[in-house]
Amino acid sequence: MPVFTIMGEQAVSGLHFDTTYGDYNSWCGGGGTGRDNGVGEMDKKISCLVDLQIRGEFHKVEVGLMTLLRNCLESEAENSRSILSGYVDHFQSIESEDVGWGCGWRNIQILSSHLLAQMTEAREVMFGGSGFVPDIPSLQRWLEIAWERGFDEPGSHQFNHAIYGSKKWIGTTECAALLRSFGIRARVVDFGPKESESLYLSVPGSSVGTQELVRTNDGRKRKAPNVYGPMDRYLSRGVSQASCSKDAKSCSSFIQLHDTVDKESGGDEVVNGAAKQSKGHQVLMDFVWNYFSNKSSIQFGHRRVIVSEKTPLYFQHDGHSRTIVGIQVKHQRTGNLQYNLLVLDPAHRTAALERSLREKVGWQKLVKRGVHTLKKPQYQLCYVDPGIASKEEMEKLKTIDSVFLEL
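Conventions we followed
Residues numbered from 1 in each chain as written. Predicted model: local features only at pLDDT ≥ 70, side-chain atom pairs only at ≥ 80, totals over all residues. Heavy atoms only, no water. Helix = DSSP H or I, 4+ residues; strand = E, 2+ residues; numbered from the N terminus. Buried < 20%, exposed > 50% of the residue type's maximum accessible area, 1.4 Å probe, protein only. Contact = heavy atoms within 4.5 Å. Pairing = 2+ DSSP bridges. Axes fitted to C-alpha atoms, helices over the stretch in contact; angles between N-to-C directions. Left-handed = near helix turned anticlockwise from the far one by under 90°. Nonpolar A, V, L, I, M, F, W, Y, C, P; charged D, E, K, R; others polar.

A.B. asks: I keep staring at the environment of Leu381 and nothing clicks. Help me out?
C.D. replies: As for its position among the elements, Leu381 is in strand β8 (residues 379-388). Owing to a relative accessible area of 0%, Leu381 belongs among the buried residues under this scheme. Separated by 69 residues in the primary sequence, Leu381 and Pro312 place their C-alpha atoms 9.9 Å from one another. The residues contacting Leu381, other than those within four sequence positions of it, are Thr172, Arg187, Val188, Val189, Phe191, Phe287, Val288, Leu313, Tyr314, Phe315 and Ile324.

And the structure:
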């Protein structure tokens with residue numbers, strides 16, 4: 001397998017990286033070698049980070065972004081039903097700081113804002129009980145601490161155990177490792193073609209039906225694939241891909257609703273292929289609907305919009321990540337159901353998103369994503385189960401397991 005260069009190693013100039021603490025082993029006088037330093041040394045590092053971490057900056061939306069989104073959804077046609085997460089803050093990528101590489105960190109901030117606002121027990125354990133969402137450099141430190149404590153050792157090795165001060169991409173597993181290090185029960189779900197199943201399951205050559213795997217939830221672990229970087233499974237070999245790793249303009253290509261036609265291919269072949277892909281990707285839509293609706297146990301009655309107790313979903317695909325904050329279903333005249341993911345994208349400016357929702361103009365293009373927009377062969381989701389893990393469970397959470405669903 002060829003080696004892919006994910007991102008450059010250079011330090012980030014626009015963020016507040018403190019070079020005094022550039023060496024991970026020099027924190028607060030620490031001079032040991034990581035995991036061998038013992039509990040006391042780790043407690044010292046964590047205490048030091050709690051004091052040094054900086055609150056992440058974001059555009060505060062009066063009345064709340066999710067309230068504005070709910071108002072818009074309630075104003076739509078009577079044939080629609082929507083389910084939303086509770087409160088979230090939107091953290092946008094900033095041109096001078098993290099455009100092109102920071103979407104993963106921004107989505108962690110969005111998800112963390114929900115956990116801190118909605119889960120009292122999470123507020124007590126996350127980020128040293130600070131009660132706020134830290135900035136990206138601070139989050140990078142927290143991820144390094146998670147690695148040093150043994151969470152996602154294969155992922156830590158792929159990053160050479162260091163991420164602070166760099167533009168390296170992160171993904172779903174890093175989100176899960178960071179949250180799990182606080183005792184948050186972060187879960188990962190993989191979506192992909194049948195032939196990629198062996199990459200995600202620990203039993204070599206195992207063949208497990210989709211429904212059976214979801215139903216039994218028996219803790220099958222993702223097989224450590226033969227990759228050379230954390231994002232290798234999302235990269236197309238030999239294809240120069242437009243992604244948020246390039247620049248702000250290419251980032252925006254992920255936030256537009258469009259159906260492209262490959263002019264070099266036959267029209268019928270493209271249409272048929274797209275139809276087949278949409279049918280397969282309905283699996284992802286069904287999962288998201290069942291997740292937010294608690295397997296359709298929610299009763300709408302006369303309401304068009306319901307606020308669920310479910311957390312938002314960290315949503316990863318080739319080259320970019322976003323946050324799913326809900327889902328909408330519309331009953332069409334043909335009798336079919338049309339689903340739309342409700343998505344917050346770090347590539348959007350929060351102020352523009354707020355204005356669009358307040359004025360109820362153009363917000364659909366910014367938030368809604370139908371099944372026809374799901375064009376990637378593989379996706380990953382991260383969600384959070386209720387409660388805080390016990391000490392015994394924490395040991396199990398160190399291995400980032402996942403459930404695989406075939407698209």
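Okay, back to it.
A.B. asks: How do you make sense of the pairing of strand β1 (residues 80-84) when you look at a structure like this?
C.D. replies: For a regular strand, side chains alternate in direction, first toward one face of the sheet and then toward the other. Among the five residues in β1, four count as buried, and that is most of the element. Summarising the sheet, β1 and strand β5 (residues 320-331) pair through five bridges and their orientation is antiparallel. Looking at the pairing, Ser82 lines up with Gln328 of β5. Where β1 lies against strand β3 (residues 305-307), three bridges are found, and the strand directions are parallel. Its bridge partner being in β3, Ser82 is matched across the sheet by Val305.

A.B. asks: Just to check I follow, could you spell out the packing of helix α3 (residues 103-118) against helix α7 (residues 172-180) for this structure?
C.D. replies: For any two helices packed against each other, one specifies the crossing angle of their axes together with the interaxial distance. With their axes 11 Å apart at the nearest point, α3 and α7 run at an angle of 35° to one another. The handedness of the crossing between α3 and α7 is right-handed. Contacts between α3 and α7 involve Ile108, Leu111, Ser112 and Leu115 on the former and, on the latter, Cys175, Leu178 and Leu179. Per-class residue counts for the contact of α3 with α7 are six nonpolar, one polar and no charged.

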